[in-house]
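Next come the chains, spelled out residue by residue.
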Amino acid sequence: MPCKPLIGLNADFRAAARTTPAFAYIAEGYYKSIIKAGGVPILVPPQVDEPSAHRVLDAVDGFLFIGGADLDPRNDGFMLHPSVRPLDPGREASDRMLMAEIAERRMPVFGIGTGMQLINVQQGGNLFLHIKEDLPSAVPHYDVQDTNHRHTLDVVSDSLVGRVYGDGEIRVTSRHHMAIDEVAPGFRVTARCPDGVIEAIESEMIDWFAIGTQFHPESEAASALDIRIFEEFVDAVRDRLDHGDQTDTSDFQLVA
Ligand SMILES: N[C@@H](CCC(=O)NCCCC(=O)O)C(=O)O
């Protein structure tokens, strides 16, 4: 029986309140989708220092960055916008540290929601801070009354999401007010909402499997097709395990 890959997932963090202790936590859909796709989820609370983050990555085979609140634009040199609800600063610092090292190692990575936005900014892209202002003709991408708010999706056929969803009408779960503006170098857009908002990106780099979806394939409203994205990710992680990390030079020995 093939060995199941270990997939790290960054946990979210909620500070202590009057009657509750602080929590690291994660919505069920993220880790259940990894299990359904054949991986073993390893929940990673915010890491406080770089050596610890690196040890975590030594122990896992791939990484899933989950959704959450907003990346603080000041960390990328932009001004705060009144609509921004920043992530817990400890989670954001940890996520950024992990992401920088994942990119360095060319470790397979999948980002959802804030997780996709993190991949994009860490790789040199940027974000619209509030769709309603930046793209006033966009359809609603967030509904406070309905966590499973859905809209349609146009996919690029020659891509992972194109392969997964195929032809026909696709509807996906949407929960965001920010969006990708400029796509990071080395990535391409592989799905958009019909209003033009970027909904998926994929790495074009031959040595790095990295994908992101702005929509939520892990949501309660997910279809069997949505789960196929997780299967493609876990397959890519397994493939790298089976065929070795082409970019890992740690086993090479200098011969004098
Ligand atoms: N900064 C983002 C957040 C998008 C996102 O990740 N939404 C999911 C929230 C919680 C969850 O379901 O895990 C934005 O653009 O709004």
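Scroll up a little and you will see the structure.
Residues numbered from 1 in each chain as written. Predicted model: local features only at pLDDT ≥ 70, side-chain atom pairs only at ≥ 80, totals over all residues.

**Q** How would you sum up the pairing of strand β5 (residues 62–65)? Please name residues and give values.
**A** Residues Gly-62 and Leu-64 point to one face of β5 and Phe-63 and Phe-65 to the other, with burial holding for every one of them. Here strand β1 (residues 6–10) runs beside β5; their pairing, made up of 3 bridges, is parallel. In the sheet register, Ile-7 faces β5, and the bridge partner there is Gly-62. With helix α3 (residues 89–105) bridging β5 and the parallel strand β6 (residues 109–112), this β-α-β connection has right-handed handedness. (Buried ≥ 20, exposed ≤ 12 C-beta atoms within 10 Å, placed from the backbone. Helix = DSSP H or I, 4+ residues; strand = E, 2+ residues; numbered from the N terminus. Pairing = 2+ DSSP bridges. Right-handed = clockwise from strand over helix to strand, strands pointing away.)

**Q** Tell me about the sheet that holds strand β13 (residues 198–203), residues and numbers included.
**A** The sheet built from 8 strands is open, its strands ordered β4-β1-β5-β6-β14-β13-β12-β9 with mixed pairing. Each edge of the sheet is formed by a strand with only one pairing partner; in this case those strands are β4 (40–44) and β9 (154–155). Looking at chain direction, β5 and β6 are connected through 3 bridges and run parallel. Paired with Phe-65 across the strands is Gly-111, a residue of β6.

**Q** Before we move on, can you summarise the packing of α3 against helix α4 (residues 114–122) with the specific residues and values?
**A** Contact pair α3 / α4: the axes reach a minimum separation of 10 Å and the direction vectors enclose 60 degrees. As judged from the angle between their axes, α3 and α4 are oblique. Once α3 is placed against α4, the crossing between them reads as right-handed. From α3, Asp-95, Arg-96, Met-99, Ala-100 and Ala-103 reach across to α4, where they touch Leu-118, Ile-119 and Gln-122. A breakdown of the residues in the contact of α3 with α4 according to their chemical character gives 5 nonpolar, 1 polar and 2 charged. (Axes fitted to C-alpha atoms, helices over the stretch in contact; angles between N-to-C directions. Parallel < 35°, antiparallel > 145°, perpendicular 65-115°, else oblique. Left-handed = near helix turned anticlockwise from the far one by under 90°. Contact = placed C-beta atoms within 7 Å. Nonpolar A, V, L, I, M, F, W, Y, C, P; charged D, E, K, R; others polar.)

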